[in-house]
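# Working through the structure, step by step
What follows is each chain in one-letter form.
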Amino acid sequence: MKLPRFLHNWITRHAQVALNSLGRLYRAPSASLMTAAVIAIALALPSGLYLLTGNLQRLSTQWDGSANLSLFLHRSVTLKQAGALQNKLAKMPEIDSVQLITPEQALAEFRALSGFGEVLDVLDENPLPAVIAVKPDQDHSNADAAAALLEKLRSFPEVELAQLDLQWVRRFNAIVDIVRRSIWVMGALLGLAVLLIVGNTIRLEIQSRREEIEITKLIGATNGFIRRPFLYSGLWYGLAGAILADVLVEIAFLQLYNPVRRLAGLYQSNFSLHTLSFTDTLSLLATGAALGLLGAWLAVGRHLAAIEPT
Amino acid sequence: MKLPRFLHNWITRHAQVALNSLGRLYRAPSASLMTAAVIAIALALPSGLYLLTGNLQRLSTQWDGSANLSLFLHRSVTLKQAGALQNKLAKMPEIDSVQLITPEQALAEFRALSGFGEVLDVLDENPLPAVIAVKPDQDHSNADAAAALLEKLRSFPEVELAQLDLQWVRRFNAIVDIVRRSIWVMGALLGLAVLLIVGNTIRLEIQSRREEIEITKLIGATNGFIRRPFLYSGLWYGLAGAILADVLVEIAFLQLYNPVRRLAGLYQSNFSLHTLSFTDTLSLLATGAALGLLGAWLAVGRHLAAIEPT
Amino acid sequence: MIRFDNVYKRYPGGRDALQGVSFHLHAGAMAFLTGHSGAGKSTLLKLVALLEHATRGQLFLDGENLSQTSRRGIPYVRRKIGMIFQNYRLLFDRTVFDNVALPLVIAGYRHQDIGRRVRAALDKVGLLDRERALPITLSGGEQQRVGIARAVVNKPPLLLADEPTGNLDPELSRDIMHLFEQFNQVGVSVLIASHDLDLIATLPYTQLQLHHGRLVKSATGTDT
Amino acid sequence: MIRFDNVYKRYPGGRDALQGVSFHLHAGAMAFLTGHSGAGKSTLLKLVALLEHATRGQLFLDGENLSQTSRRGIPYVRRKIGMIFQNYRLLFDRTVFDNVALPLVIAGYRHQDIGRRVRAALDKVGLLDRERALPITLSGGEQQRVGIARAVVNKPPLLLADEPTGNLDPELSRDIMHLFEQFNQVGVSVLIASHDLDLIATLPYTQLQLHHGRLVKSATGTDT
Ligand SMILES: Nc1ncnc2c1ncn2[C@@H]1O[C@H](COP(=O)(O)OP(=O)(O)OP(=O)(O)O)[C@@H](O)[C@H]1O
Ligand SMILES: Nc1ncnc2c1ncn2[C@@H]1O[C@H](COP(=O)(O)OP(=O)(O)OP(=O)(O)O)[C@@H](O)[C@H]1O
Ligand SMILES: [Mg+2]
Ligand SMILES: [Mg+2]
């Protein structure tokens, strides 16, 4: 394929500028690294937060924070009858899933949660009833629909008491609310920080190359010609910062991996932290490059026009 | 008091340079604000984290994560006998405090924690024993001493079963471990970031004032004379950043204040977030100024020597 | 090539640098611009290169009315002009070669052409052996000659020189003036601001003399 | 005041700028330094101001052996010298007043003294009315004169001038030379590098002529 001459020239020129500005960064490695490191830290923190919320969400689906109904059965109901009820419920369209908790399982869970441990062994008989945990489907998870479902289930003769776990839902929502607000505050700050850092770096770079800009304007350079290397610098800074950020996030999550495993172990969960996926990494790099370019663009737009040769 | 002439000159000169460099920042307000904002964000995040851990610690002393002993009494023990045992234990030197939990209280607590709620009302009789919660004093809180104490308490005739709440201690420690590691990772990154940002800003500023530095060296300026305005710039940047960071942290915690109150309410706690105290604010300002000065010092040391007039 | 029509230039601050200047430098002509320090010589050259804008009056370059040039058009006007600055204005972090190559790079010349043309220009000012040097390692006169090479490298139709021999010894000054004459002979219009009255007196070109911003002696250029 | 004893200067890259230069400029004497572009004039002046270090040989300023000056001592040597640079080297973001005041500020003069001295120096170069201007708004010759005012403002015992009249018209050049003579008459030693052979020829001072780094004509200065 033969490119038109105009396009060929255009590509050659851009490639040259891109390489030149990369070379300029490479020739001052410690300075460039410092700038990239600052950008990396600013990028790593929101990425880390993003990962944390991702993991939190996975955790919350394991915990299942949506509305749950508990049906406490009469103590006279046999296990067989309970199993039959379970099957009947499972076929109802409003219900997503049901789980039967036998009195023995309920006691074991209580033992684990309360810390009363062996002391319960001294009880003469198991005082707990069998329980069926009911999870409504998506459409019946809101407060009203769940309450209507509750009314319906309450009418089954085996059920002594039906209860909606609103307390737990409220608690979980309160926690999620706090986390969401923290992330919103930090994320906004850090997004701003990336733009400021890149913009500031490019601004100071423009300032320190003021003489060069004036001289090239003097001998007939267009604004586009002058802008180009700065935009590429911004791009490279952002990209380098993103690569470093990726490394930082991986290191940080490696630090957390084992403690989280241990904690999950204590709760009999096999939950483990997920780190950045391939697509995550790609979007981090793209975000870094885009922010770098945008920051450079803003700085160049504001500060390049102010430099006129005299 | 009359200052010696030498000292008087010295002070005048420093005051002049300090004001001059402040004036220089003031004359380029948007640029200075940008730099200060970047520093502020970097300072605000560790300050916010510091506050969070402070609050977490307050919370943990409320929860009391140290080793606890639970004494489950025989069901035949009357409330009066239990009260007498409580008083006897409270007088033991190894023990910090004791709390009697009657079967009724234990049932209520179980009800609240388990979510079984009203279903327990259908029980014929309360199956739970009375419990005495024992908190060892500081010296007997470690695993060995607590185990020895446990052996001793087990021998009381009223006690059916004595149990050390190690599970809860392990869980709490695992959580604390995760939080500590996260903070360590983030704190290290952000501390580095502040130094890098100030250092980078001063480096680029030195670069853009290279001509000025060369010329002043040409006409006989000492290194100290040239260094001074940059050090003051660093100081001002750090200080301005710290002031902004203070504002940011206050705003962020204001965002969190109400959700946390609400959450604490759900747990019947009157816990509320503490924000930066007066001393905290002072140390934030001092830290900002010190980091600014240090960053400037490092940058000036590395880059000023490289500029020699020709 | 250049026509001034009753041009005034007042700088912000109220200083009148040019007052009622009118003259016409024909295409292919060569002329000197003289006058005391602060007379307005550099200002006149800056108006032509659109580094400053006239306060009143009209000026034309190559038939184009410069007061009507848009911002986007300015770079293309400057590319028609080879300008030599009183204070050289070299890039101190680039080699002599890269400095001289700059106008060609800006104009988008091809790599091979650039090398050939740059070396030809450096040869003309006697600095071919210094192409890899940084300007900071050159003597004052050598820097001035790099500036001259940069101005002529892309063979512009107009050469503007502001004190091009201020830092050259008499012999080299004569050589450089001779170089300008050579360019003039192949059709380039040349306008040179200079203090070197002795040297100018030996050459047969028009003199435009400024005195406190007014043209006190002017004549249409005559080609040799 | 200045004594060179078989001084060699080779720049990194292998260029020999000075070769076996010996001369003695007595305290209170005035002399000119001449030679072609690239002969080594600026290099010689830079060695005196410790902007460069001699490769071989010894040089003395005011009796002090400059090859033994420590890094910390360099600024104090420079304060003894009023130096005028070929390329002015003014601070473009400070006013003319602040530029001229700089050596006094560095030396720690008091506020009141500074104002008085700066105005006296600006008056001598005819720029008293421009003290609030920024250097960028001055003509080339005016900038050169600001540089001269800065060099003389703290009355140093030695004046080094590198091409101080390169951008001045002949009349102003004579005035500035006359100013140097006045300084010389009150005891200041003066060494001026210049291409203006015609002007120098009219003045009765020693000439040190350099040719490719070697001193080809030298005589001990004689006071007028
Ligand atoms: N940007 C500016 N702002 C204000 N005044 C200026 C500016 N540039 C030049 N001037 C003033 O305009 C007058 C003419 O300046 P110009 O540079 O044209 O003189 P010149 O003839 O080139 O002098 P020289 O031979 O010293 O270079 C001078 O008095 C100068 O101070
Ligand atoms: N820093 C440097 N590194 C390498 N070579 C240099 C350096 N400075 C000067 N030179 C070379 O040393 C020689 C003498 O330079 P110098 O500046 O002393 O000449 P000059 O007599 O002042 O000339 P001019 O009249 O053109 O200013 C020149 O050939 C120059 O290229
Ligand atoms: Mg001029
Ligand atoms: Mg020189």
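## Quick notes on the site of ligand 2
Of all residues adjacent to ligand 2, which total 20 residues, the nearest are Gly141 and Glu142 of chain C together with Lys41, Ser42 and Thr43 of chain D. In this structure, ligand 2 sits where chains C and D come together, each supplying nearby residues. A distance of 2.8 Å separates an oxygen atom of ligand 2 from a polar atom in the backbone of glycine 40 of chain D. Within the side chain of threonine 43 of chain D, a nitrogen or oxygen atom sits 2.5 Å from an oxygen atom of ligand 2. Within the complex, the protein chains bury 94% of what would otherwise be the 640 Å² of accessible surface of ligand 2. Contributions of two or more residues to the shell around ligand 2 are made by helix H5 (140-152) of chain C together with helix H1 (41-48) of chain D.

## Some details on the confidence of the model for chain C
All names here are of chain C. This prediction gives chain C a mean pLDDT of 90; 97% of its residues lie at or above 70. Confidence over residues 220-224 falls short of pLDDT 50; this stretch has 10 contacts with residues more than four positions distant or in other chains. This prediction of the complex comes with two scores: 0.74 for pTM and 0.75 for ipTM.

## Focus on the packing of aromatic side chains
Tallied over the entire structure, the rule returns 4 aromatic pairs over all chains. Cation over ring: arginine 227 of chain B sits above tryptophan 297 of chain B, and NZ or CZ is 5.8 Å from the ring centre. Over the ring of phenylalanine 97 of chain D we find arginine 132 of chain D, and its NZ or CZ is 5.4 Å from the ring centre.

## So, the sheet that holds strand S9 (residues 206-211) of chain D
Two pairing modes exist for strands in a sheet, parallel and antiparallel, and in both the strands are linked by backbone hydrogen bonds. All names here are of chain D. Taken in spatial order, the 6 strands of this open sheet run S6-S7-S8-S3-S9-S10, and their pairing is mixed. Only two strands of the sheet have a single neighbouring strand rather than two, namely strand S6 (81-84) and strand S10 (214-217). For this sheet the average axis-to-axis angle between neighbouring strands, irrespective of direction, equals 20 degrees. Packing of helix H5 (residues 140-152) onto the sheet brings it into contact with S6 and strand S7 (158-162), and relative to S6 it is tilted by some 175 degrees.

## A few points about the coordination of the magnesium ion (ligand 4)
All names here are of chain D. For the magnesium ion (ligand 4), the protein coordination sphere consists of Ser42 (OG) and Gln86 (OE1), at 1.9 to 2.4 Å. In this pair, serine 42 is assigned in helix H1 and glutamine 86 in the loop between S6 and helix H3 (96-107), connecting sequence segments 44 residues apart. Residue class for glutamine 86 comes out buried when judged on its relative accessible area of 13%.

## Some thoughts on empty space enclosed by the protein
Residues and elements named next belong to chain C. Using the criterion set out here, one finds 6 cavities of 30 Å³ or more in the structure. Counted as a void, the largest cavity has a volume near 110 Å³. The set of elements that each furnish at least two residues to the lining of the largest cavity consists of helix H2 (74-79), strand S6 (81-84) and H5. Ranked by residues supplied to the lining of the largest cavity, first place goes to S6 with 3 residues. Class assignment of the residues belonging to the lining of the largest cavity gives a composition of 6 nonpolar, 2 polar and 3 charged.

## Structural notes on the site of ligand 1
As a structural note, the neighbourhood of ligand 1 is formed by 21 residues, with Ser42 and Thr43 of chain C together with Ser139, Gly141 and Glu142 of chain D the closest of them. Neighbouring residues of ligand 1 are distributed over chains C and D. Glycine 38 of chain C places a main-chain nitrogen or oxygen 2.7 Å from an oxygen atom of ligand 1. Between an oxygen atom of ligand 1 and a main-chain N or O atom of glycine 40 of chain C, the distance comes to 2.8 Å. Its free accessible area being 630 Å², ligand 1 has 94% of it covered by the protein chains. Breaking the shell around ligand 1 down by element, the ones donating at least two residues are helix H1 (41-48) of chain C together with H5 of chain D.

## Quick word on the pattern of salt bridges
Tallying each qualifying case throughout the model produces 33 salt bridges over all chains. A salt bridge links arginine 210 of chain A to glutamate 214 of chain A; its shortest N-O distance comes to 3.4 Å. Highlighted residues: arginine 210 of chain A and glutamate 214 of chain A, both in helix H7 (residues 210-218), separated by 4 residues, approximately one helical turn. By relative accessible area, which is 38% here, arginine 210 of chain A ends up partly exposed. Linked through salt bridges whose partners overlap, the residues forming this network are Arg24, Arg209 and Glu212 of chain A together with Asp93 and Arg94 of chain C.

## A closer look at the sheet that holds strand S5 (residues 64-65) of chain D
Residue and element names in this part refer to chain D. Here 4 strands make up an open sheet; going across it, the order is S2-S1-S4-S5 and the pairing antiparallel. Looking at the sheet topology across the chains shown, the edges are occupied by strand S2 (16-25) and S5. Strand direction decides the pairing type here: strand S4 (residues 56-61) and S5, joined by 2 bridges, are antiparallel. Note on S5: the bridge partner recorded for phenylalanine 60 is asparagine 65. Running over the sheet, H1 touches strand S1 (2-10), S2 and S4 and is turned about 120 degrees from S1.

## Thoughts on the pairing of S6 of chain D
Residues and elements named next belong to chain D. Across the two faces of S6 the burial is the same, with Ile81 and Met83 and Gly82 and Ile84 all buried. Alignment of S6 against S7, held across 4 bridges, turns out to be parallel. Considered in S7, the bridge of methionine 83 is made with leucine 160.

## Some words on the pairing of strand S3 (residues 30-35) of chain C
On a regular strand, one side chain projects to one face of the sheet and the next to the other, so that they alternate. Of all the 6 residues making up S3 of chain C, 6 are buried; the element is thus mostly covered by neighbouring parts of the structure. Burial along S3 of chain C is two-sided: the face carrying Met30, Phe32 and Thr34 of chain C and the face carrying Ala31, Leu33 and Gly35 of chain C are both buried.

## Re the environment of valine 152 of chain D
All names here are of chain D. Secondary-structure assignment places valine 152 in helix H5. Take valine 152: its relative accessible area is 5%, and that puts it in the buried class. Here the alpha-carbon distance between valine 152 and alanine 17, two residues 135 residues apart in the chain, equals 28 Å. Not counting the four nearest positions on each side in its chain, valine 152 is found in contact with Ala121, Leu159 and Phe183.

Calculation criteria
- Residues numbered from 1 in each chain as written.
- Chains lettered and ligands numbered in written order.
- Predicted model: local features only at pLDDT ≥ 70, side-chain atom pairs only at ≥ 80, totals over all residues.
- Heavy atoms only, no water.
- Near = heavy atom within 4 Å.
- Polar contact = N/O pair within 3.5 Å; in protein donor to acceptor, adjacent residues only side chain to side chain.
- Areas by Shrake-Rupley, 256 points an atom, 1.4 Å probe, with all protein chains shown as cover.
- Helix = DSSP H or I, 4+ residues; strand = E, 2+ residues; numbered from the N terminus.
- pLDDT = per-residue confidence, 0-100.
- Contact = heavy atoms within 4.5 Å.
- Phe/Tyr/Trp six-rings, centres within 6.5 Å; stacked < 30°, edge-to-face > 60°.
- Lys NZ or Arg CZ within 6 Å of the ring centre and 35° of its normal.
- Pairing = 2+ DSSP bridges.
- Axes fitted to C-alpha atoms, helices over the stretch in contact; angles between N-to-C directions.
- Donors = N, O, S within 2.8 Å, 3.2 Å for Na, K, Ca; no water.
- Buried < 20%, exposed > 50% of the residue type's maximum accessible area, 1.4 Å probe, protein only.
- 1 Å grid on protein atoms, 1.4 Å probe; cavity = no way out; pocket = protein on both sides within 12 Å on 5 of 7 lines; lining within 4 Å.
- Points joined across faces, edges and corners; volume = space filled by probe spheres on them.
- Nonpolar A, V, L, I, M, F, W, Y, C, P; charged D, E, K, R; others polar.
- Salt bridge = Lys/Arg side-chain N within 4 Å of Asp/Glu carboxyl O.

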